[in-house]
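Coordinate inspection notes
Residues per chain are reported as follows:
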Amino acid sequence: MAGKRDLFFDRLHAVLSGERGKGDRILSIAPFAHYFLLAILTTLCVVVFPLAKLPGTAAVGQDLPGQRQGSPTELLQAESLVQQGQRLYEAGQLSEAAAVLQQAIATYQTGNPLGQAMALRNLSLVYQQLGDWGAATEAIASSLSLLESNDEPNYQAALARSLDIQGRLQLSQGQAEAALATWEQSTTIYQELGDQVAALRSQINQSQALQSLGFYRRAIALLRPLTQTLEEQPDSLTKAVGLRSLGDALRVGGNLPQSREVLQSSLSVAERLQDSEAIAAAQFSLGNTARAQQELEVALEFYRQAIATSPSNLTRVQAQINQFSLLVETDQIPAAQALIPLIQSQLGELPTSRAKIYAQVNFAQTLSHLRQTESTQPNTYPAQLLSIARTEAQNLADTRAESFALGSLGALYEQTQQWAIATDLTEQALGLAQNASASDIAYRWQWQLGRILKAQADTEGVESQKYQGAIAAYSEAVSTLQTLRNDLVAINPEVQLSFQESIEPIHRELVSLLLKPGSSDANPANLEKARTVIESLQLAELDNFLREACLDAQPIQIDEIDRRAAVIYPILLADRLEVVISLPGQTLRHYSTPLSNSEVESVVGRLRQALVVRTSRQFLQLSQQVYDWLIRPVEADLAASEVKTLVFVPDGVLRNIPMAVLNDGEKFLIEQYSVALTPGLQLLDPRPIQLQQLTVLTAGLSESRQGFSALPNVLPELEQIQSEVPSRILINQEFTSSAFQQAINSAPAPVVHLATHGKFSSELTETFILTWDDRINLNQLNSLLQATDLGNARPIELLVLSACQTAVGDRQAALGLAGVAVRAGARSTLATLWQVSDEATALLMSRFYSELANNTVTKAEALRRAQISILEIERFRRHPFYWAPYVMVGNWL
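All residue numbers refer to position in the chain's written sequence, counted from 1. Per-residue local features of the predicted model are confined to residues with pLDDT of at least 70, and side-chain atom pairs are confined, for both listing and counting, to 80 or more; whole-chain, interface and lining totals are unaffected and use all residues. Note that the side-chain values use all heavy atoms of the structure and ignore hydrogens as well as water.

For this document, the term salt bridge refers to a Lys or Arg side-chain nitrogen within 4 Å of an Asp or Glu carboxyl oxygen. Under the defined criterion, the tally for this structure stands at 27 salt bridges. Here R272 ties to D235 by a salt bridge, and the two come within 2.6 Å at their closest N and O atoms. Here D235 lies in the loop between α10 (216-232) and α11 (237-253) and R272 lies in helix α12 (residues 256-273), a separation of 37 residues in the sequence. The salt bridge partner of E839 is R875, with a shortest N-O separation of 2.5 Å. Highlighted residues: E839 in helix α34 (residues 838-853) and R875 in helix α36 (residues 874-877), separated in sequence by 36 residues. Each residue is placed in one exposure class: buried if its accessible area under a 1.4 Å probe, protein chains only, is under 20% of its type's maximum, exposed if it is over 50%, and partly exposed if it falls in between. Residue classification places E839 among the partly exposed residues on the basis of a relative accessible area of 37%. Classification of R875 by relative accessible area gives partly exposed; the value is 41%. Residues joined in a network through salt bridges with shared partners are R847, E851, E861, R864 and R865. Put simply, DSSP marks the helices as runs of H or I at least four residues long and the strands as runs of E at least two long, and each gets a number from the N terminus on.

Moving on to the nonpolar core. Nine residue types can take part in a nonpolar core, namely buried Ala, Val, Leu, Ile, Met, Phe, Trp, Tyr and Cys, and a core is a set of them joined through side-chain atoms within 4.5 Å. In this structure, L638, L646, F740, L799, F848 and Y849 are the most contacted members of the largest nonpolar core, which totals 110 residues. Residues are treated as being in contact if the distance between any of their heavy atoms lies within 4.5 Å. Ignoring any residue separated from it by four or fewer positions in sequence, one finds F848 in contact with L798, L830, K859, A862, L863, A866 and M888. Ranked by size, the runner-up nonpolar core spans 80 residues in total, among them W133, A139, L300 and Y358.

As a further point, take the packing of aromatic side chains. When the centres of two rings from Phe, Tyr and Trp lie within 6.5 Å, Trp using its six-membered ring, the rings pair. Their planes under 30 degrees apart give stacked, over 60 give edge-to-face, and anything left gives tilted. Inspection of every chain in the model, using the stated rule, returns 13 aromatic pairs. Between F619 and F668, the ring centres sit 6.5 Å apart and the planes meet at 25°, which makes this aromatic pair stacked. Residue F619 is located in helix α28 (residues 618-630), and its partner F668 is located in the loop between β6 (645-648) and β7 (674-677); the two are separated by 49 residues in the primary sequence. Classification of F619 as buried rests on a relative accessible area of 1%. Aromatic pair F668 and W883: ring centres 5.0 Å apart, planes at 65°, arrangement edge-to-face. In this pair, F668 sits in the loop between β6 and β7 while W883 sits in the loop between α36 and β17 (886-890), placing the two residues 215 residues apart along the sequence. For F668, a relative accessible area of 11% gives the class buried. An aromatic cluster is built from W834, F876, F881 and Y882, whose rings are joined through pairwise contacts. Taking NZ or CZ as reference, R451 lies 4.6 Å from the ring centre of W447, over its face. In our convention, an over-ring charge means Lys NZ or Arg CZ found within 6 Å of a ring centre and within 35 degrees of that ring's normal. Above the face of the W772 ring, R705 is positioned so that its terminal group lies 3.8 Å from the ring centre.

The values are spatial; any link to function lies outside them.
So this is what it looks like as structure tokens:
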């Protein structure tokens, strides 16, 4: 019973739509909208006090007694009315509760402002449940006006609690920033009063506002320190909600296993309390996390449990919508259809709120997809539902929600190719988003407008105004994304899929427009813009991988770095492979090959496999084919320009192969040019290597550790390096994380060489370097190596990882390599793409350091000479396996 609770819980935004996996099917009406719900809808359970008891009663959570005025009879009458209002509220008789509370307020007006303020706060809460936002706003404003001018502790405690209700009201109306500020104010008051439990509740509310704004990292940072405090407390609804809020934030922050663990703890607390609302909310959140983990049947079962358990109409209907969308996704059409009448009926009974608006949008999107899969006659219900959502958003004055509803409606008309209406609705939605400074919504409508104009330009030609308008809209979308880097990276795999399904296509579609045949051959500005956009995409991918916008990007001209280097940008588009090339002192040029993504991925994938099968020569034909795509069209220009180094900014699966292995039919590329890789010129420190005295800190494992095989040639490798350049060696038991840190602190060296197992993966958590006692992840590596920067007043010149490898079968594994290169803070990283020959590596590294020590060649040229020395050894010449996996990432000078 609610009357037995310490707290009252309102589920303002009770549903996270949780789409993942086959999301492209749901996205048929709007390639972003369904996943947008993932980013803005989470299980937001705002913690507020129950309806306030009369001062002097023994209720948990009561206000402290104020100065009583008026006759005892009047006070007793008012107290009785407040208690009656509480009983009616708990029984769901909201209109009756409001009438009784109004009588109590009138009675308190004779001389008890504190009691009057409490009753007004309660009345606001009842009006919020009724969806009467105007009356709720008026009541809470009156409550605050009675309390704000009195500094007495009793009044301040009541003020903080009224602020809690005001924050709840603001959030439910879509005013998340205002709600955050309100709850920050109430937290300060609770802390000044020494009420740490109430302050904890208010901080949990702040995290809900932050999540509503999309600031998931800030929400996690706020909640994590509270977790230990919560765990130390006895079971309470505050504890259940706090854990659930953290679990939701962790899901959206990308840590799915920990999200599930924390949510399970929340469920356990709720079950011990036997609180049906808290149980249902935890079940629902667990369903969302299970769905993100692709455990779809588990997710469905959690949704069913939440529907059966929850006494909240809003929670039930939104859980049914989630269940409905998941049933559609998994092709359980009859079961999905059975839910439609029930959802329609219950949606109509809900009071207006942002939660209801988003539920309507979510339902409309899934209904539209279901209509397409069934090939039935078009129906107007999804459009009607979105129109209703738009009207309700206007009634709430919720600009963000109105923009979202309007834009989603525009997407429906885009789907049916009703271009004029689609354009008008999308432009309206964009204007609302921009007026609200909602960049996280605006870029989606800019993209949508670009798609609409592009579809029309495809029939009118590249010289049409629609074509130029499409480029402008796409360009604005990319520009908006640049301002959102911090908000788009702290995201879970659900939103990573959104990256692949929306953020990445925006960039690629714009590049495709800029390089469209007949549009840009004579337009250097378009070529330059295409290069800038593809570099922005590279940065966005790394941000997405690292889950933080930590990359300091500055535009750099290639001529500023190396006048003997050419930069090659292979760009994978849906229908062709484009290559943009920058030659020293020349304007950009490009050439294209008609190829689908699947063709490129197939050839590159087979080449990657052939490069590690030493008994086969299949690699040769495949490497020649990729050479024909990337180098053949420009080989004469390369020769004429007398460049010495080819710098590749590889795209997609091309990151997984060493460009040195490309073959023109007679020679490998490495036999003609030094080769380097970079995630983008914008990330380069353009200075050449600064090695007044080359010293190396080396560390490695030769013995088997943590299930990884022994590397018997590691010690000879490190000893050979020591014979070439001054070195310190940490081997086996000496190579612990702490010893490595101490070595860096005590004697920083410009080169750090690690001969140990490691893995580069598209999963941040699966990218690591092995030590004797631990695995060093990217963040730890960054922390360890920062000591060199601090102690030596300059960054590490070169980080060498001589036994790491990209994850087998992971098409995006080289993101891990790029992430290591960037996150380590070293200006250059030399790494291996597969587990290499111990013997060949020892020889290659010895030659590499010998060349580097003479300080007359670039790092890329030192690597080239070392690779050639292995290529010329008879027993290693037969296959690139031995010399090809070494890649230089970053500054090649």
